[in-house]
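# Residue-level structure breakdown
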There are 2 protein chains.
Amino acid sequence: MSPDPIAIASDHGGFELKALLKEELAARGHAVIDLGSNDRDSVDYPDYAQALAQAIGAGKARRGILICGTGIGMSIAANRHPFLRAALVHDAFTARMARAHNDANVLVLGGRTIGPEIAKDCLAVFLDTAFEGGGRHARRVEKLSRLPASS
Amino acid sequence: MSPDPIAIASDHGGFELKALLKEELAARGHAVIDLGSNDRDSVDYPDYAQALAQAIGAGKARRGILICGTGIGMSIAANRHPFLRAALVHDAFTARMARAHNDANVLVLGGRTIGPEIAKDCLAVFLDTAFEGGGRHARRVEKLSRLPASS
């Protein structure tokens, strides 16, 4: 099975880390769908989260990566979409839990809060860890797809 | 101005930290709206995020706190709601950015990923830091309220 294409987007706070992670993805044989931004000019993170949501919603990629300064803005924006489970992680443990328990399909990183080697670690764990599935985790993930419930 | 009421909820992975943060909130004079869970029995984090969204949506509190094992599941669930900006943070810096740049109204913490003193630090910074406002941050936050855009 050849590696699946991975969509990636950032704002100006994640531009440099995006370039690094693109190299990592390419080295692992993934096609990379780079949705910008493409330089250090100040841009709005919701626009780039939206571009990634559209790419995944359209079936261009199954998984994605989002980066802003802290990852907080990107994680708020991406999780507005019921078909995305965007996990803001900061080390290998949280990356592993994001996949094993939450079946995250979007990895969110802070370009200004973690260093390059930690980010590479998070990426590798995100790509290589399977969802545990099973009763309780699958039930919770299924509930996520039905939020927001009318309140 | 008397402190505003704060809503708080957790799953079993955040039960102990919730108890600690309730003490902190009470010591600062906040009324606490505790939405459970109330023991260590395994429960589904989306149900508790939904309870908090309903409390804030109904105007019972302006701000809230969510805790699960890593905070990841809670942050996915809470951000399904366009009127919530739920920030998963892990230290004082990320807590400060969550308020200053993202105007977060929900603090999300990992009960199994950060220790009690770090969590207290995050809470204090979350409560005490104002949104910077200004052109670009306000524009981005406004965009968050309009997601998901039709894609």
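Let us look at the structure shown here. (Residues numbered from 1 in each chain as written. Chains lettered and ligands numbered in written order. Predicted model: local features only at pLDDT ≥ 70, side-chain atom pairs only at ≥ 80, totals over all residues. Heavy atoms only, no water.)

## Comments concerning the pairing of strand β5 (residues 106-110) of chain B
Residues and elements named next belong to chain B. Stated formally: Here's how the labels work: a residue is buried when its accessible area is under 20% of the maximum for its type, exposed when over 50%, partly exposed in between, all with a 1.4 Å probe on protein chains only. Secondary structure elements are taken from DSSP: a helix is a run of H or I of four residues or more, a strand is a run of E of two residues or more, and numbering for both begins at the N terminus. A pair of strands is considered paired only if DSSP assigns at least 2 bridges between the two.
When you tally the buried positions in β5, you get five out of five residues, the bulk of the element. In β5, alternate side chains face the same way, and those of Val 106, Val 108 and Gly 110 on one face and Leu 107 and Leu 109 on the other are all buried. With three bridges connecting them, strand β4 (residues 86-88) and β5 associate as parallel partners. Bridging across to β5, Leu 88 finds its partner in Val 108.

## What to know about the sheet that holds strand β1 (residues 6-10) of chain B
Residues and elements named next belong to chain B. Our working rule: Axis lines are fitted through C-alpha atoms, for helices just across the contact stretch, and the angle between N-to-C directions can take any value from 0 to 180 degrees. We call two residues in contact whenever any of their non-hydrogen atoms come within 4.5 Å of each other.
With respect to topology, five strands assemble into an open sheet ordered β2-β1-β3-β5-β4, the strand pairing being parallel. Strands with a single pairing partner mark the edges of an open sheet, and in this sheet they are β2 (32-34) and β4. The mean inter-strand angle of the sheet, taken between neighbouring strand axes irrespective of direction, is 20°. Bridging between β1 and β2 involves three bridges; their strand directions are parallel. Paired with Ile 8 across the strands is Asp 34, a residue of β2. Sitting on the sheet, helix α2 (residues 45-57) touches β1, β3 (63-68) and β5, and the angle it makes with β3 is about 175°.

## Remarks on the interface of chain B and chain A
Under the convention used in this document: Put simply, buried area is how much 1.4 Å-probe accessible surface two parts lose in total, over both of them, once they are put together. The term salt bridge refers to a side-chain nitrogen of Lys or Arg lying within 4 Å of a carboxyl oxygen of Asp or Glu.
The interface is formed by 44 residues belonging to chain B together with 44 residues belonging to chain A. Around 3700 Å² of area is buried between chain B and chain A when both sides are counted, 58% of it from carbon and sulfur atoms. Inspection of the chain B/chain A interface yields eight salt bridges. Two residues, Lys 143 of chain A and Asp 47 of chain B, come together in a salt bridge whose shortest N-O distance is 2.8 Å.

## Details of the relation of the copies chain B and chain A
The test is simple: Copies overlap after least-squares fitting; the atoms used are the C-alpha atoms of residues with pLDDT of at least 70 in both.
The transformation that overlays chain B on chain A combines an axial shift of 0.0 Å with a rotation of 180°, and the residual RMSD is 0.0 Å. Such a combination of turn and shift is consistent with a two-fold rotation axis. When C-alpha distances to the rotation axis are compared across chain B, the minimum falls at Arg 80 of chain B, with a value of 2.3 Å.

## As for the sheet that holds strand β2 (residues 32-34) of chain A
Residue and element names in this part refer to chain A. Sheet architecture is open: five strands sit in the order β2-β1-β3-β5-β4, paired in parallel fashion. What marks the edges here is a single partner per strand, and that holds for β2 and β4 (86-88). The mean angle between the axes of side-by-side strands here comes to 20°, regardless of whether they run parallel or antiparallel. Across the sheet, helix α5 (residues 116-128) is in contact with β1 (6-10), β3 (63-68) and β5 (106-110); its angle to β5 comes to roughly 170°.

Structural measurements only, silent on function.
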